[in-house]
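Commentary on secondary and tertiary structure
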Amino acid sequence: MSFQHPDRFEHRHLGPGPAEVAQMLAVVKAPSLDALVDEVVPRAIRLDRPLSLPPAQSEFDYLRQLRVMAARNRVCTSLIGLGYFDTITPPVILRNVFENPGWYTPYTPYQAEIAQGRLESLLNFQTMVRDLTGMDVANASLLDEPTAAAEAMTLLHRVQPKRGSVRNTFLVSSRTWPQTRAVLRSRAEPLGLTVREVDPAAAFDEDVFGLLVQYPDECGRVDELSGLIARAHEAGVLVTVATDLLALTLLTPPGELGADVVVGNSQRFGVPLGYGGPHAAFFATRDAYVRQVPGRIIGVSVDSSGRPAYRMALQTREQHIRREKATSNICTAQALLANMAAMYAVYHGPDGLRAIAARVRALAYALGAALETLGFRQLNDEFFDTLQVATPGRAAAIASAAVEAGINLRLIDADSLVIALDETVNVEELTTLVGVFAAAAGVAPVALVDADAPAYPAALTRRSQYLTHRVFNTHHSETAMMRYIRGLERKDIGLGESMIPLGSCTMKLNAAAEILPVSWPEFSRLHPFAPADQAAGYAQMFAELERALCETTGLSAVSLQPNSGAQGELAGLLVIRAWHKSRGEAHRTVVLIPSSAHGTNPASAVMAGMHVVVVATDPRGYVDVADLRAKAEAHRNDLAALMVTYPSTHGVYEETIREICAIVHEHGGQVYMDGANMNAQVGLTSPASIGADICHLNLHKTFAIPHGGGGPGMGPIGVAAHLAPFLPGHPLANVGGTHAIAPVAAAPWGSASILLISYGYIRMLGAQGLTNATRVAILNANYITSRLEGHYDVLYTNARGRVAHEMIFDLRAFKAAGVEEIDVAKRLMDYGFHAPTVSFPVPGTLMIEPTESEPKAEIDRFCDAMIAIRGEIADVVSGKADLKDNVLKNAPHTAAAVTDDEWSHPYSRRQAAFPLPWVQAN
C-alpha cells in the first residue's frame, strides 16, 4: 500500500465519505452497508464473485496510460468525405461549451424555467437549419444523418397523399452515402417497406411514396434538382434531400427546389470528427408536417408575466403518452453538439460562413485544375468541396502513396478516387497531394493557382438571404461570444449548481478526468472511415471496454454501435427478430411489455415490426406474474420477447424476476432487459444473473457519459452467446456478427469519442469502486426515504420496506386541496433544485434518484427543501395559505418577480425567494 497513490478516484466519485456513510446508516437503521444491500437486493440473483476487471487507476495514472493508447492512433489529413469533415472548433466554443460542465451536465430542458439558456441556443440551431435549408420548420437535432433519413422515410410514408391504396416503396439514390442506404434498409424491412436504390432519373412506379437524393452527392457532384422534384410530385412522390449546411451558403437551398424534407449532419460546423461522433443531425420540413416531426421542437412563448420565454413546443416525451402508437422512439438527441453547431454559426455569422465555404470551394477548384494539368480528368461538372478524379489503373497506388504522405483519400474503384476538402486544409497539404499525383503520372508537380472559383450556373446559385436574425450578426468578437455563451449558461441548472434528483435518469458525476481526453486530437480528429491501422488506439479501447461491459453484464458479446438508449432498444429487438428468423420462426413477433415500462420500449418494439402486449403490474409495483404467465401462454406460438426493466421503473428489485424470465423462455421468447437501471446492478447482480438474453446499456446513465442538456447518449447492447452472430454490422467497417443485422447508426462504433468517458469511469473505479458505486446509490436512496418518512408516502417498497436506487413519492392525496406534483416541481426551483421526474411512471407522483455521487450535505439540503415544501402544502391544506395565491401555485419566483415594484401576494418576498437560509447564499 505504501507504493500506491493515496488519491483514489473512488474517493472523488462517491459523494459520502466513511463518516457520512456511518451517519446515514444510522438514519436508515441498518448495521452496515452490506446488511442494507442484503435487505434490498434479492439473494437469489446476487453475484457469487467480485467483478474480474483490471485494478483501479488514479486519475493521473489513467491519463498517462491513455496518452500511450492515444499515440497508437495516427492523425492524418482525412479527405474522405462521406458526410464527415475535419473542422475548426473555435477555442471560445471548445472551452466554454464542449469542455464546460455548465453545458454538458444539464438534463433535457423539460423544466423550461431553468433551461432558458439551452432553449435559446437550440432555437438558434433550428433557425440556422431552417434558414440554410430554405424550409419552414426544423427540429432541435437528431442522432445522425442516416437515422434522420430513416425518420424522413417513415414521415413521408405517414403523410403520403390519400389514394386507393397505401404505397410502400421508398427510392434512394444510388449516389447517397452508403451508410445512409444501409440504415434505411435496416429501418424499412421491419415496417414492411421496400427500399430500392435507383438512378435518380429513373421513372416512378405506382407503389413509390418517397425518394431520397443527396445534394451534393456521394462523389461530390451537384445536380440541379428542381426538375426531378417536380416530376416526383407529379407522380405523387414526396422527396427528401440529404445535404450539407456549409454548401448551402453558396448553393440554392433544397426548400427552394421543392423538397418536402431536408436532412443532414451539422458536424462540420465546429464539431470534432471523433471517429464518428457524437454529432447533431438536422431535420427540416414543411409546416404541413410539423405534427409528424420526430424529436423536439423549441418554440417562443410568453411567461406568466407576459415576457418572451422559450419552451419545448413539441417534445419527445410523446412516447410516454402514445407508447406503441408513437411515431418515433427518439428520446435522447444530440443537444450539446447542436448547441456547438449553433454557436459556430453565431460566432461566424452569415458572412463568415459564406467566406469559409468560398475558400473551401476555391481550394477544391484549384486542386482540380492542377490535377487536370497533370493529365487526370476531374469527373464532376459542378461541385462544392469534393472532386471525383479518374485515375485509370492507378487509384490504389495513388491512395497508398497519399497515406504515406499523411493524407487519406477515398478509393472508389481501380480507376477513380474521391477527394473531399474541408476548412482545415491548407495550401501546403494540397501541394503535397499534387506531388503525389505528379509522381504517379511521372511528371513534374505544378503549383496551385490562387483564384476564386467560377460562379455556379444560375439554377444552382443561392440568392436568398440567411441567418438574418440579430443573434447571428452580433457576437463575432471573442469577448462578445464568451459573454453570450456564459450569459446563457447562467440561466440554467446543471450539476455545477446542485443535485439533479431525476428518477430513472441517473444524473451522476461526469468526472473531468473522464471527459478531458475527448478533446485530445488523437481521438477527436480521426475520420470514422480512415484506414483501420490508423486507429489502433481506438481499437484497443473498444476491445477493453467491450470486455468490461461483458464482465459487468455477464453476457458474451457487445456491440458499441447504437448511439442512444432508444437505438439500443431497437437494435436489441432487431437482433432477437433475426435470431427467431434464423430458426424458421419469423412469425414470432409478439413482445410482452409491463405497463410500467419506459415509453420508448413499446415505441421501439413497433419500429422493430413487433406487436405489443401489455402486462399488468400488481399493487406492489411488481410485474403481475399471473398476468404474464397467462399472456405468455396465449401467445406461446408467436412470442418473441419480454422487455423488462430491472430494477423495475417503480424502484424495486422484483423478487420473482428469475421466474418471470423462465416463463418467457418456456414459451419460446427471449428476455430483453432495458438497462436504464443498470447502475443498481453493477457488481451486485447482472442481466445474465436474472436470466436476460440481451440488454442495452445507457452509458449516459450508469457509465457516466453526461446528458449534455438533452444528448449525447450511447446505448450499446450486450447479448448472450446465441445472439452474438446477429450483432449489427456496417458496410464500411468490419464489425458485427457472422450473420449481422444491418447497421442502426451512421458510424461503425456509434459516437466513438464519448466511449472514452465510460472507459475512463471503469478503469479509474475498478471492480471494487464500481460495486461500491452501486452500494452507495442504494444507501443514498434509502436515506432520502428515511429522512422524508412521515412527510411523504413512498408508493412502492419491498417486503422489508426498502427501495432500490430510486423511489416514488405519492402526492395524489394533496390534489383535493388543489396541490399537484407540478406545483412541488416548480417550487423546488425556488430552493435551487431541478425537480425529480414528474408523473412517471405513475401520474401524480415524483420519482427521485440521488445517485452515488451526491454527498450527504447536498442530499440533506434536498430533503430539507422537500420537508419545507411539505410544510407549505400543509398550510394550503389547512387553509392557512390561500388556495390559489400561495408559494406553490406561483412558483417559481423569478428575480424579476421578487424585485418588481408591485408585490400583492399574501406571503413575503423573502418566503418566495429565500425559503431556507442557505438558499440566499446561492
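Everything numeric in this text was worked out from a predicted model, so none of it was measured.

Turning next to the overall build of the protein. Looking only at helices and strands, one finds 30 helices and 26 strands in the protein. For 922 residues, the compact-globule estimate of 2.2 N^0.38 gives 29 Å, and the C-alpha radius of gyration of the protein, at 28 Å, lies within 12% of that figure. Overall, the protein is about 85 × 75 × 70 Å in size when its C-alpha atoms are taken along their principal axes. Per-residue burial over the protein gives 64% buried out of 922 residues. For the protein, contacts bridging at least 24 residues in sequence account for 76% of all contacts bridging at least 6.

The subject of this paragraph is the environment of Ala140. Tracing the backbone through its elements, the reader meets Ala140 in the loop between β2 (137-138) and α8 (145-159). Of the residues examined, Ala140 reaches a relative accessible area of 1% and is grouped as buried. Separated by 172 residues in sequence, Ala140 and Met312 have C-alpha atoms that sit 9.5 Å apart. Ignoring sequence-local partners within four residues, the contact set of Ala140 consists of Leu122, Phe125, Gln126, Arg296, Ile298 and Ala338.

Take Asn679: it is sitting in the loop between β20 (670-674) and α24 (687-690). Residues contacting Asn679, with those up to four places away along its chain left out, are Thr506, Lys508, Thr702, Thr774, His805 and Glu849.

If you look at the biggest cluster of nonpolar residues, it comprises 201 residues, and the most contacted ones within it are Ile93, Met128 and Ile784. When residues of this core are assigned to their parent elements, the largest contribution, 17 residues, is made by helix α25 (residues 755-787). Non-local contacts of Ile784, meaning those with residues more than four positions away in its chain, are made with Met499, Met807, Phe809, Ile848, Pro850, Ile859, Phe862 and Cys863.

With that settled, the discussion passes to unusual backbone geometry. A cis amide bond, omega 10°, links Gly277 with the succeeding residue Pro278. Among the structural elements, Pro278 can be located in the loop between β7 (261-265) and β8 (281-285). Of the consecutive residues Tyr646 and Pro647, the connecting peptide bond is found in the cis state with omega at -10°. Residue placement: Pro647 occurs in the loop between β19 (639-645) and α23 (657-666). A positive phi angle is found at Lys29, which is not glycine, with a value near 60°. Although it is not a glycine, Leu467 adopts a positive phi angle of roughly 50°.

Turning our attention to the packing of aromatic side chains. Under the counting rule described, the total for this entry stands at 19 aromatic pairs. On the numbers, 6.1 Å between centres and 50° between planes, the contact of Tyr62 with Tyr759 is tilted. With Tyr62 in helix α4 (residues 59-70) and Tyr759 in helix α25, this pair connects stretches of sequence that are 697 residues apart. Comparing Tyr62 with Tyr759 shows no difference in burial state: the two are buried. These aromatic residues form a ring-pair network of at least three members: Tyr275, Trp520, Phe523, Tyr538, Phe542 and Trp749. A cation sits over an aromatic face here: Arg67 above Trp520, 3.6 Å from the ring centre. Across from the ring centre of Phe85, 3.8 Å away, lies the NZ or CZ of Arg268, which sits over that ring.

This brings us to helix α5 (residues 91-98). Among the residues of α5, Val92, Ile93, Asn96, Val97 and Phe98 are the ones counted as buried. Looking straight down α5, one finds that the buried residues subtend no more than 160° of arc, so they occupy a single side. More than 90 degrees from the buried face of α5, the exposed residues found are Pro91 and Arg95. Buried positions along α5 lie against α6 (101-104), α13 (335-373) and α16 (478-489).

A pair of packed helices is characterised by two quantities: the angle between their axes and the separation of those axes. Running from N to C, α5 and α13 point in directions that differ by 145°, and their axes come no closer than 10 Å. Crossing handedness for the pair α5 and α13: right-handed. Of the residues in α13, those touching α5 at Val92, Ile93, Val97 and Phe98 are Leu336, Leu337, Met340, Met343, Tyr344 and Tyr347. Of the residues that constitute the contact of α5 with α13, the class distribution is ten nonpolar, no polar and no charged.

Bringing the pairing of strand β6 (residues 238-243) into the picture now. Burial of β6 is extensive: six of the six residues sit out of reach of the surface. The two faces of β6 match: Leu238, Thr240 and Ala242 on one face and Val239, Val241 and Thr243 on the other face are all buried. Pairing geometry for strand β5 (residues 208-215) and β6, over six bridges, is parallel. Its bridge partner lying in β6, Leu212 is registered against Thr240. Running through helix α10 (residues 226-234), the crossover from β5 to the neighbouring parallel element β6 is right-handed. In this structure, β6 lies alongside β7, joined through four bridges in parallel fashion. Looking at the pairing, Val241 lines up with Val262 of β7.

It is worth spelling out the pairing of β5 at this point. β5 sits mainly inside the fold: eight of its eight residues count as buried. Bridge count for strand β3 (residues 169-173) against β5 is four bridges, and the pairing is parallel. The residue of β5 that forms the bridge with Phe170 is Gly210.

Throughout the structure, instances matching the rule amount to 44 salt bridges. Among the ionic pairs, Glu585 bridges to Arg583, the shortest N-O distance being 3.8 Å. Taking the shortest distance from any N to any O, the salt bridge between Arg787 and Asp860 comes out at 3.0 Å. One end of the pair, Arg787, is in helix α25; the other, Asp860, is in helix α27 (residues 856-878), and 73 residues separate them in sequence. Here Arg787 falls in the partly exposed class, since its relative accessible area comes to 22%. For Asp860, a relative accessible area of 12% gives the class buried. Via salt bridges that share partners, Arg181, Arg185, Glu197, Glu218 and Arg410 belong to a single interconnected network.

On to helix α22 (residues 625-634). Helical geometry: 3.6 residues make up each α-helical turn, so side chains three or four residues apart lie on a common side. Within α22, burial applies to Val625, Asp627, Leu628 and Ala632. Axial view of α22: buried residues confined to an arc of 160°, hence all on one face. Facing away from the buried side of α22 by more than 90 degrees, the exposed set consists of Ala626 and Ala634. Summarising the contacts, the buried residues of α22 are in contact with β17 (590-594), β18 (611-615), β19 and α23. Structurally, the start of α22 carries an N-cap: the backbone nitrogen of Ala626 is 3.2 Å from a side-chain oxygen of Asp624.

So, on to the environment of Asn339. Structurally, Asn339 is set in helix α13. Residue Asn339 is classed as buried on the basis of its relative accessible area of 1%. Placed 199 residues apart in sequence, Asn339 and Ala140 show a C-alpha to C-alpha distance of 9.2 Å. In this structure, Asn339 is in contact with Trp103, Arg118, Ser121 and Leu122, ignoring residues within four places of it in sequence.

The rules behind the values
Residues numbered from 1 in each chain as written. Predicted model: local features only at pLDDT ≥ 70, side-chain atom pairs only at ≥ 80, totals over all residues. Heavy atoms only, no water. Helix = DSSP H or I, 4+ residues; strand = E, 2+ residues; numbered from the N terminus. Rg over C-alpha atoms; globule rule 2.2 N^0.38 Å. Buried < 20%, exposed > 50% of the residue type's maximum accessible area, 1.4 Å probe, protein only. Contact = heavy atoms within 4.5 Å. Core = buried A, V, L, I, M, F, W, Y, C linked by side-chain atoms within 4.5 Å. Phe/Tyr/Trp six-rings, centres within 6.5 Å; stacked < 30°, edge-to-face > 60°. Lys NZ or Arg CZ within 6 Å of the ring centre and 35° of its normal. Arc of directions from axis to C-beta. Axes fitted to C-alpha atoms, helices over the stretch in contact; angles between N-to-C directions. Left-handed = near helix turned anticlockwise from the far one by under 90°. Nonpolar A, V, L, I, M, F, W, Y, C, P; charged D, E, K, R; others polar. Pairing = 2+ DSSP bridges. Right-handed = clockwise from strand over helix to strand, strands pointing away. Salt bridge = Lys/Arg side-chain N within 4 Å of Asp/Glu carboxyl O. Polar contact = N/O pair within 3.5 Å; in protein donor to acceptor, adjacent residues only side chain to side chain.

Worth remembering: the numbers are spatial, not functional.
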